[in-house]
Amino acid sequence: MSNKTKGILCIMLSSFSWAVMGILVRLAGDVPSFQKSVFRNLVAMMAAGIFLLASRMKIKLKKGDMKWLILRSAAGTIGLLGNFYALDRMMVADANMLNKLAPFFTVIVSVFLLKEALRVPQILCIATAFIGTLFVIKPGMTGMPMGPAMVAVLGGAGAGTAYSIVRLLQKRGIPGPFIVFFFSMFSCVVVLPWVIPHYQPMEGKQLACLLLAGCFASVGQFAVTAAYRFAPAREISIYDYSQIIFSTLLGILFLNQIPDGWSFLGYTIIIAASVAMFLYNGRREKTVRQNTETQE
């Protein structure tokens, strides 16, 4: 099995795990989103902590690293809370599709954070993707909760910002497992002051759903990390959109949620824009690499 095939399988495992996490978050029922996020992050923090201890990984932070770790964690917390809030109030497939706007926000934020140029084809792809969101949100039409939809988009923006900072941290030599551990710990610490005075007692089923959601989230995190060790993002990142297929099927099976035709049209537009962005970035990286080799 080639490394690319292994990468594809890992990223699809990650997508399936994230989809299951979304279903479990919804099945946990009427529990505040902040409280749900704590249980999800506690499991992820323990999993990442165990991995760090078992691997005896040495972490050496340089000047400025802590600032970026905190910013990544703050953006990731906004992304997580936005996603959980939307999952509780929208169809799971719709909420996850809006969260998949994150790669487009990553490109936008990278312009300011990593000083990467934003080119015309990328601008067109981003504009197309946001047109697709209108078909998912359906503004002015009945049945779509606009508030949660906007929060879902905000969650995608938070996630996209977090991914941009992760790229920066990896360039600075910070290992992925430590970034996951720090984010999970940071998120728990930030949210706990709200959760403790407003804690809502849970039934055994609800607690089990949230703990399992944390387990699947951890599997998803480590699987996507493994995927990008096997193959570069330009070759496999597009397969992350398999999460929408998994979310739709699981939503139908466990929640009896069937997206309408407008939502499917929105999914198609957003995924088409993502494929176009994926192909453009791949060609551009190949051209840059060839030019570099020619100059050498």
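Residues numbered from 1 in each chain as written. Predicted model: local features only at pLDDT ≥ 70, side-chain atom pairs only at ≥ 80, totals over all residues. Heavy atoms only, no water.

Engineer: Can you help me understand the pattern of salt bridges in this one?
Structural biologist: When the charged atoms of two side chains lie near each other, side chains of opposite charge can form a pair. All chains considered together, the criterion is met by four salt bridges. A salt bridge links lysine 36 to aspartate 88; the shortest N-O distance between them is 2.5 Å. Note that lysine 36 is positioned in helix H2 (residues 33–55) and aspartate 88 in helix H3 (residues 65–89), a separation of 52 residues in sequence. Exposure remark for lysine 36: the relative accessible area of 0% places this residue in the buried category. Since its relative accessible area comes to 18%, aspartate 88 is described here as buried. Residue arginine 172 is joined to aspartate 65 by a salt bridge in which the shortest nitrogen-to-oxygen separation is 2.5 Å. Residue arginine 172 is located in the loop between helix H7 (146–171) and helix H8 (176–195), and its partner aspartate 65 is located in helix H3; the two are separated by 107 residues in the primary sequence. For arginine 172, a relative accessible area of 25% translates into the label partly exposed. When salt bridges with common partners are traced through the structure, they connect Lys62, Asp65 and Arg172 into a single cluster. (Salt bridge = Lys/Arg side-chain N within 4 Å of Asp/Glu carboxyl O. Helix = DSSP H or I, 4+ residues; strand = E, 2+ residues; numbered from the N terminus. Buried < 20%, exposed > 50% of the residue type's maximum accessible area, 1.4 Å probe, protein only.)

Engineer: I tried to follow the packing of helix H5 (residues 102–113) against helix H6 (residues 120–137) on my own but got confused; where do I start?
Structural biologist: Each pair of packed helices can be described by the angle between their axes along with the distance between the axes. At a minimum axis distance of 10 Å, the contact between H5 and H6 shows a crossing angle of 140°. As judged from the angle between their axes, H5 and H6 are oblique. Both H5 and H6 take part in a crossing whose hand is left-handed. The segment H5 lies against H6, with Phe104, Phe105, Val107 and Ile108 engaging Gln122, Cys125, Ile126, Ala129 and Phe130. Here the contact of H5 with H6 is composed, by residue class, of eight nonpolar, one polar and no charged. (Axes fitted to C-alpha atoms, helices over the stretch in contact; angles between N-to-C directions. Parallel < 35°, antiparallel > 145°, perpendicular 65-115°, else oblique. Left-handed = near helix turned anticlockwise from the far one by under 90°. Contact = heavy atoms within 4.5 Å. Nonpolar A, V, L, I, M, F, W, Y, C, P; charged D, E, K, R; others polar.)

Engineer: Just checking my understanding: could you explain the side chain of asparagine 96 for this structure?
Structural biologist: Assignment of secondary structure puts asparagine 96 in helix H4 (residues 92–99). Taking relative accessible area as the criterion, asparagine 96 reaches 3% and is therefore assigned buried. Residues contacting asparagine 96, with those up to four places away along its chain left out, are Asn83, Leu87, Gln243, Ile244 and Ser247.

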